[in-house]
Amino acid sequence: MRGHFRIYPSGNPGVQIVEAASHHQFARHTHDQYGIGVIHQGAQKSISGRGMVEAGPGHLITVNPGEVHDGIPIGEAGRSWRMIYFDPEIIQLVENDMREDVASIMEFTEPASINALAAKQFQHLFNALTSPNCQPLLQDEMLIDLLSQTQKNTREQKHMPSAIRIIKQLIDDEPTATLTLADLAKASGLSRFQVLRSFATATGFTPHSYLMQRRADLARRMILQGAALAETAAASGFSDQSHMNRVFVHKYGISPGIYAASVI
């Protein structure tokens, strides 16, 4: 299986459409979007916020924003997959419509599952989103149909200590800021030791690792908007372009240059 990575053009702000094949072992990372997709060939295993899972051909795979997960191919053949990523606001609007007056936070509850109908609906939505002639009304209908199949239950957001939420929000709001443990301790009312240990326990990352995740997310969005790589590295808070490259490859499995060239 030859490796490739392709980002399809999307007329929908907040929607990213990806097709990939890879032998890459993805380290622990997060996405700032909801993701839903289908494995086409090969198989992989991963540890997610919802436990250890394995997925093979035909499996529907999902990820929630901020969910820590990795991805390791099973066997030497690698695996290929298609994914659609949605900004949280898009999915939450659909969730609000489906739940009507019941306030809830949308969360995929199954990281991998065999659901032939949902896989078929995903492929229809993928085709619609990559077609220049598909109408927005039809795309909206397909997304609601797909989510109604994949999201049978909604769970409340997991409890996070208020001090950790303050730290996380501080990083989320300004990922390019130069921060120290003392800054985070002062903002949260914790000691530096408590910040380090408590944040890692609650999020799965040290504060620095989480900051790098958020900077990589910012870089990815800038690249999709056509920003030059050197400009992106400086504007997203990295010390230089090689630093951005290392973090980007660690998270996404490809370099920023290849990512930029994959946008068609």
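Before reading further, recall that the structure is shown in the block above.
The structure presented is a predicted model; accordingly, all values stated were derived computationally and were not measured.

Caption draft 1: Broad picture of the overall build of the protein chain. The number of helices and strands found in the protein chain is 10 helices and 10 strands. For a compact globule of 264 residues, the expected C-alpha radius of gyration is about 18 Å, and the protein chain comes in at 19 Å, within 12% of that figure. Taking the principal axes of its C-alpha atoms as reference, the protein chain extends roughly 50 × 45 × 35 Å. Counting all 264 residues of the protein chain, 48% fall into the buried class. Taking contacts inside the protein chain between residues at least 6 apart in sequence as the whole, the part at least 24 apart equals 70%. For the protein chain, the accessible area works out to roughly 13300 Å², and carbon and sulfur atoms hold 54% of it. Counting 23 positive and 25 negative side-chain charges, the protein chain places the averaged centre of each group 8 Å from the other.

Caption draft 2: Molecular detail of the environment of Cys-134. Assignment of secondary structure puts Cys-134 in the loop between helix 2 (116-129) and helix 3 (136-150). Each residue touching Cys-134, except ones within four places of it in the same chain, is listed here: Ala-128 and Gln-139.

Caption draft 3: Molecular detail of the sheet that holds strand 6 (residues 51-55). Taken together, the 4 strands give an open sheet; going across it, the order is 3-8-5-6, and neighbouring strands pair in antiparallel fashion. Strand pairing shows two members of the sheet lacking a second neighbour, strand 3 (26-29) and strand 6, which therefore form its edges. Adjacent strand axes in the sheet meet at a mean angle of 15° when their direction is disregarded. In the sheet, strand 3 pairs with strand 8 (residues 69-73) via 2 bridges, with the strands oriented antiparallel. Across the sheet, the residue bridging to Phe-26 is Gly-71, located in strand 8.

Caption draft 4: Local environment of the pattern of salt bridges. Tallying each qualifying case throughout the model produces 8 salt bridges. Of the charged contacts in the structure, one is a salt bridge between Asp-32 and Arg-220, with a shortest N-O distance of 3.3 Å. Taken together, the positions of Asp-32 in the loop between strand 3 and strand 4 (34-42) and Arg-220 in helix 7 (residues 207-224) put the pair 188 residues apart, joining distant regions of the chain. Among the residues examined, Asp-32 registers a relative accessible area of 13% and is labelled buried. Among the charged side chains, a salt-bridge network with shared partners connects Lys-168, Asp-172, Arg-214, Asp-217 and Lys-251.

Caption draft 5: Seen up close, the packing of helix 7 against helix 9 (residues 241-252). Where helix 7 meets helix 9, the axes come as close as 10 Å, and the angle between the chain directions of the two elements is 95°. By the criterion of interaxial angle, the relationship of helix 7 to helix 9 is roughly perpendicular. Contacts between helix 7 and helix 9 involve Met-212, Gln-213, Ala-216, Asp-217, Ala-219, Arg-220 and Ile-223 from the first element and His-243, Met-244, Val-247, Phe-248, Lys-251 and Tyr-252 from the second. Of the residues belonging to the contact of helix 7 with helix 9, the class tally is 8 nonpolar, 2 polar and 3 charged.

Caption draft 6: The arrangement of the nonpolar core in detail. Formed by 37 residues in total, the largest nonpolar core has its most connected members in Ile-61, Trp-81, Ile-167, Ile-171, Phe-199, Phe-238 and Tyr-259. The biggest single contributor to this core is helix 7, with 6 residues. Here Ile-171 is in contact with Leu-179, Phe-199, Pro-207, Tyr-210, Leu-211 and Arg-214, once residues within four sequence places are set aside. Within the second largest apolar cluster, 25 residues are counted, among which are Val-15, Tyr-34, Ile-91 and Leu-129.

Caption draft 7: Quick look at the layout of surface pockets. For the second largest pocket, the calculated volume is near 620 Å³. Forming the boundary of the second largest pocket are 38 residues, of which Phe-26, His-29, His-31, Trp-81 and Tyr-85 lie nearest the centre. Its residues assigned to classes, the lining of the second largest pocket comprises 17 nonpolar, 15 polar and 6 charged.

Caption draft 8: Geometry of the sheet that holds strand 7 (residues 59-63). The antiparallel open sheet is built from 6 strands, whose spatial order is 1-2-9-4-7-10. The strands lining the two open edges of the sheet, one partner per strand, are strand 1 (4-8) and strand 10 (112-114). Strand-to-strand, the axes of this sheet are offset by a mean angle of 20°, without reference to chain direction. Relative to strand 7, strand 4 is paired through 4 bridges, and the arrangement is antiparallel. Paired with Val-38 across the bridge in strand 7 is Leu-60.

Criteria and thresholds
- Residues numbered from 1 in each chain as written.
- Predicted model: local features only at pLDDT ≥ 70, side-chain atom pairs only at ≥ 80, totals over all residues.
- Heavy atoms only, no water.
- Helix = DSSP H or I, 4+ residues; strand = E, 2+ residues; numbered from the N terminus.
- Rg over C-alpha atoms; globule rule 2.2 N^0.38 Å.
- Buried < 20%, exposed > 50% of the residue type's maximum accessible area, 1.4 Å probe, protein only.
- Contact = heavy atoms within 4.5 Å.
- Areas by Shrake-Rupley, 256 points an atom, 1.4 Å probe, with all protein chains shown as cover.
- Lys, Arg positive; Asp, Glu negative; His and termini not counted.
- Charge placed at Lys NZ, Arg CZ, Asp CG, Glu CD.
- Pairing = 2+ DSSP bridges.
- Axes fitted to C-alpha atoms, helices over the stretch in contact; angles between N-to-C directions.
- Salt bridge = Lys/Arg side-chain N within 4 Å of Asp/Glu carboxyl O.
- Parallel < 35°, antiparallel > 145°, perpendicular 65-115°, else oblique.
- Nonpolar A, V, L, I, M, F, W, Y, C, P; charged D, E, K, R; others polar.
- Core = buried A, V, L, I, M, F, W, Y, C linked by side-chain atoms within 4.5 Å.
- 1 Å grid on protein atoms, 1.4 Å probe; cavity = no way out; pocket = protein on both sides within 12 Å on 5 of 7 lines; lining within 4 Å.
- Points joined across faces, edges and corners; volume = space filled by probe spheres on them.

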